Amino acid sequence: MPVKKDETGRRTVQVEVEVPGTPEEVWHAIATGPGVTSWFVPTRMEERVGGTVTANFGPGMDSLATITAWDPPHRFTADSRDDMGPGSPTIATEWTVEAKSGGTCVVRVVHAWFADSDDWDGQFGAFESGWPAFFRILRLYLAHFRGQSGVNLQLMGVASEPTVEAAWAALAGRLGIAGAGPGQRVQSAADAPALAGQVERIGPDEHPELLLRLDAPAPGIAHLFALPMGGQVYLPIRLYLFGDQAAAVAAREEPAWQAWMARHFPMPPG
């Protein structure tokens, strides 16, 4: 839905998803540092009013918020500043968990801010397009790894190919997983880092995305996609690993992934 606005200048974006689990289980996933890290980005959370939420989106890319309301397992709110850049409005974000019949809950996130112009609407509207992919990971996490704390690896490369379609084809081809469909099992090529599991979702050609439920290099989730930005196509890869050996596996596999990405999809200098 588009950005909503009222006569006071308050603007909101709302996204929701239905997920398996009790309110307490879902709350752990969205309102604790280990829970959020297991499906989103590495996060630290002080679970109280006045506590700080620190979400790490990459080197030097921390997002900071202050918790302003705390009512487990139903609702919390947090305020963040400058998330969209210097001078951007303060964002008030509300998370709610609503129990449904059949052992599921609706997770709803509402971002609100005040502005007297439309200057920031496009950037804030990106929240709406960004959350569905993460919510697919959240649903998969709660379905198969509920209550577990995961190790989160974030990798990034830039394609030399100029289009999203070509960049995605290069990534999937070099990994050896091109042409996979939902429900199929895939395994990476011999010269690529270990990656094997069942395909949970394939995105459309205009928004290429691959969501895997992993059995190698450890039980977990992999999310790969192509992101056009600033005239280039970025190729993020997110791995969420679970189990007793997850930390050891991550320590072993991360250097291999970094070297492989640097060889095939190097980031530009600086």
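Conventions and cut-offs
Residues numbered from 1 in each chain as written. Predicted model: local features only at pLDDT ≥ 70, side-chain atom pairs only at ≥ 80, totals over all residues. Heavy atoms only, no water. Helix = DSSP H or I, 4+ residues; strand = E, 2+ residues; numbered from the N terminus. Expected span 1.5 Å × (residues − 1). Bend = angle between axes of the 7 residues up to and from the residue. Buried < 20%, exposed > 50% of the residue type's maximum accessible area, 1.4 Å probe, protein only. Contact = heavy atoms within 4.5 Å. Polar contact = N/O pair within 3.5 Å; in protein donor to acceptor, adjacent residues only side chain to side chain. Core = buried A, V, L, I, M, F, W, Y, C linked by side-chain atoms within 4.5 Å. Pairing = 2+ DSSP bridges. Phe/Tyr/Trp six-rings, centres within 6.5 Å; stacked < 30°, edge-to-face > 60°. Salt bridge = Lys/Arg side-chain N within 4 Å of Asp/Glu carboxyl O. pLDDT = per-residue confidence, 0-100.

**A look at helix α5 (residues 246-264)**
Right, on to step 1. For α5, which comprises 19 residues, the first-to-last C-alpha distance of 26 Å matches the rise-based estimate of 27 Å (1.5 Å per residue) to within 8%.
Right, on to step 2. For α5, the principal kink sits at glutamate 253 and spans about 30°; a proline, proline 255, occurs within the next four residues.
Right, on to step 3. For α5, the full list of buried residues reads Ala246, Val249, Ala250, Glu253, Trp257, Trp260 and Met261.
Right, on to step 4. Where α5 is buried, its residues touch β9 (151-158), α4 (164-175) and β15 (232-241).

**Examining the side chain of threonine 43**
Right, on to step 1. For threonine 43, the location among the structural elements is in strand β3 (residues 43-45).
Right, on to step 2. What makes threonine 43 buried here is its relative accessible area of 9%.
Right, on to step 3. A distance of 2.7 Å separates a polar side-chain atom of threonine 43 from the backbone oxygen of valine 41.
Right, on to step 4. Ignoring any residue separated from it by four or fewer positions in sequence, one finds threonine 43 in contact with Gly33, Val36, Thr37, Val53, Thr54 and Ala55.

**A few points about the nonpolar core**
Right, on to step 1. Membership of the largest hydrophobic core comes to 37 residues, with the highest contact counts inside it found for Trp39, Trp95, Trp131, Phe135, Leu138 and Tyr141.
Right, on to step 2. Where this core is concerned, the elements lending two or more residues are β2 (10-20), α1 (23-31), β4 (52-56), β5 (62-71), β6 (75-80), β7 (91-100), β8 (104-114) and α3 (121-144).
Right, on to step 3. With residues up to four places along the chain from it excluded, the contact list for leucine 138 reads Val17, Val19, Ala29, Ile30 and Trp39.
Right, on to step 4. If you look at the next biggest cluster of nonpolar residues, it comprises 35 residues, including Ala167, Val186, Ile237 and Ala250.

**A word on the sheet that holds β7**
Right, on to step 1. Here 8 strands make up an open sheet; going across it, the order is β1-β2-β8-β7-β6-β5-β4-β3 and the pairing antiparallel. Edge positions in the sheet fall to β1 (4-5) and β3, since each has one partner strand and no second.
Right, on to step 2. Across 9 bridges, β7 lies against β8 in antiparallel orientation. Residue pairing for β8: valine 97 is matched across the bridge by valine 107.

**With respect to the packing of aromatic side chains**
Right, on to step 1. Within the structure shown, the criterion is met by 18 aromatic pairs.
Right, on to step 2. Relative to phenylalanine 135, the ring of tryptophan 131 has its centre 5.4 Å away and its plane inclined at 20°; by these criteria the two rings are stacked. Here phenylalanine 135 and tryptophan 131 lie together in helix α3, a separation of 4 residues that amounts to about one turn. For the pair tryptophan 131 and phenylalanine 135, a shared accessibility class is recorded, and that class is buried.
Right, on to step 3. Taking 5.6 Å as the distance between ring centres and 25° as the angle between the ring planes, the aromatic pair formed by tyrosine 141 and phenylalanine 242 counts as stacked.

**Some words on the pattern of salt bridges**
Right, on to step 1. Inspection of the entire model under this criterion finds 10 salt bridges.
Right, on to step 2. Residue arginine 75 is joined to glutamate 94 by a salt bridge in which the shortest nitrogen-to-oxygen separation is 2.7 Å. Taken together, the residues arginine 75 in strand β6 and glutamate 94 in strand β7 connect sequence positions 19 residues apart.
Right, on to step 3. What makes glutamate 94 partly exposed here is its relative accessible area of 26%.
Right, on to step 4. Among the ionic pairs, glutamate 200 bridges to arginine 213, the shortest N-O distance being 3.0 Å. Within this pair, whereas glutamate 200 is found in strand β11 (residues 196-202), its partner arginine 213 is found in strand β12 (residues 209-216), the two being separated by 13 residues in sequence.
Right, on to step 5. Through salt bridges with shared partners, a single ionic network connects Glu16, Glu98 and Arg108.

**Quick notes on the environment of leucine 142**
Right, on to step 1. Relative to the assigned elements, leucine 142 resides in helix α3.
Right, on to step 2. Take leucine 142: its relative accessible area is 1%, and that puts it in the buried class.
Right, on to step 3. In sequence terms leucine 142 and valine 26 are 116 residues apart; their C-alpha atoms lie 7.6 Å from each other.
Right, on to step 4. The contact partners of leucine 142, leaving out residues within four places of it in the chain, are Val19, Pro20, Glu25, Val26 and Ala29.

**A short note on the confidence of the model for the protein chain**
Right, on to step 1. When pLDDT is averaged across the protein chain, the result is 91; 90% of the residues are at 70 or more.
Right, on to step 2. Mean pLDDT across the elements of the protein chain ranges from a minimum in β1, with 72, to a maximum in α1, with 98.

**Some thoughts on the environment of leucine 212**
Right, on to step 1. Within the secondary structure, leucine 212 sits in strand β12.
Right, on to step 2. A relative accessible area of 0% places leucine 212 in the buried class.
Right, on to step 3. Separated by 29 residues in the primary sequence, leucine 212 and glycine 183 place their C-alpha atoms 9.5 Å from one another.
Right, on to step 4. Setting aside anything within four residues of it in sequence, one finds leucine 212 in contact with Leu140, Val186, Leu195, Gly197, Gln198, Val199, Glu200, Gly220, Ile221 and Ala222.

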